[in-house]
Amino acid sequence: MTAVKDYLNKNQEKLDLFTKAITIAHGKNHPEVFAVREEYLNLKEAAENDQNLDDDFDQLRETTQNYAIPGDVCPTFEATYQMLESADSINAKA
């Protein structure tokens, strides 16, 4: 838990900004980004409270179709999914 919590803390500023930005830029064509934003906020809170994150990452994988990056998105969208996937991988190793 510590490793994933550290990763999320280290990347919190970017993830907060990026998850919000992709809702604005891509929400019309990719409405799932609104759920991604909400799930990230839930994940962040759960990590801060030292809760098990497995269900949170299960939900993110489902929403993002295993972090699949659509072909019509910007680098910020891609980076968001990559950071969330990295956090998921760290959590899986814990």
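Every value quoted in this text rests on a predicted model; they were computed, and no experiment measured them.

### A few points about the overall build of the protein
For the protein, the helix and strand inventory stands at five helices and zero strands. Listing each helix as α and each strand as β along the protein from the N terminus yields α-α-α-α-α. When the accessible area of the protein is evaluated, it comes to approximately 5400 Å², of which 46% is carbon and sulfur surface. Here the protein contributes 9 positive and 18 negative side-chain charges, whose respective centroids are spaced 7 Å apart.

### With respect to the pattern of salt bridges
Counted according to the given criterion, the structure contains four salt bridges. For the salt bridge of aspartate 88 with arginine 61, the shortest nitrogen-to-oxygen distance reads 2.6 Å. Here the residue aspartate 88 occupies a position in helix H5 (residues 75–93), and arginine 61 occupies one in helix H4 (residues 54–64), the gap between them amounting to 27 residues. Here the salt bridges do not stand alone but share partners, grouping Asp58, Arg61 and Asp88 into one network.

### A look at empty space enclosed by the protein
According to the stated counting rule, one finds one cavity of 30 Å³ or more in the structure shown. If you add up the space inside the largest cavity, you get close to 40 Å³. Looking at the largest cavity, the residues that line it are Lys5, Leu8, Asn9, Gln12, Lys44, Ala47 and Glu48. Residue composition of the lining of the largest cavity, by class: two nonpolar, two polar and three charged.

### Notes on the side chain of threonine 23
Counting through the fold element by element, threonine 23 comes out in helix H2 (residues 12–26). Within the structure, threonine 23 has its side chain in polar contact with the backbone oxygen of lysine 20 (distance 2.5 Å). Contacts of threonine 23, omitting those with residues within four sequence positions, involve Val33, Phe34 and Arg37.

### Considering the packing of aromatic side chains
Any two aromatic rings considered together are summarised by their centre-to-centre distance and by the angle between their planes. Under the defined criterion, the tally for this structure stands at one aromatic pair. When the ring of phenylalanine 77 is compared with that of tyrosine 81, the centres are 4.6 Å apart and the planes differ by 45°; the resulting orientation is tilted. With phenylalanine 77 and tyrosine 81 both in helix H5 and four residues apart, this pair spans about one turn of that helix. Accessibility expressed as a relative area gives 1% for tyrosine 81, which makes it buried.

### Digging into the environment of tyrosine 40
Structurally, tyrosine 40 is set in helix H3 (residues 32–48). Each C-alpha atom, one on tyrosine 40 and one on proline 75, is 18 Å from the other, the two residues being 35 residues apart in sequence. Apart from residues lying up to four places away in sequence, tyrosine 40 is in contact with Gln12, Leu15, Asp16, Thr19 and Leu84.

Analysis parameters
Residues numbered from 1 in each chain as written. Predicted model: local features only at pLDDT ≥ 70, side-chain atom pairs only at ≥ 80, totals over all residues. Heavy atoms only, no water. Helix = DSSP H or I, 4+ residues; strand = E, 2+ residues; numbered from the N terminus. Areas by Shrake-Rupley, 256 points an atom, 1.4 Å probe, with all protein chains shown as cover. Lys, Arg positive; Asp, Glu negative; His and termini not counted. Charge placed at Lys NZ, Arg CZ, Asp CG, Glu CD. Salt bridge = Lys/Arg side-chain N within 4 Å of Asp/Glu carboxyl O. 1 Å grid on protein atoms, 1.4 Å probe; cavity = no way out; pocket = protein on both sides within 12 Å on 5 of 7 lines; lining within 4 Å. Points joined across faces, edges and corners; volume = space filled by probe spheres on them. Nonpolar A, V, L, I, M, F, W, Y, C, P; charged D, E, K, R; others polar. Polar contact = N/O pair within 3.5 Å; in protein donor to acceptor, adjacent residues only side chain to side chain. Contact = heavy atoms within 4.5 Å. Phe/Tyr/Trp six-rings, centres within 6.5 Å; stacked < 30°, edge-to-face > 60°. Buried < 20%, exposed > 50% of the residue type's maximum accessible area, 1.4 Å probe, protein only.

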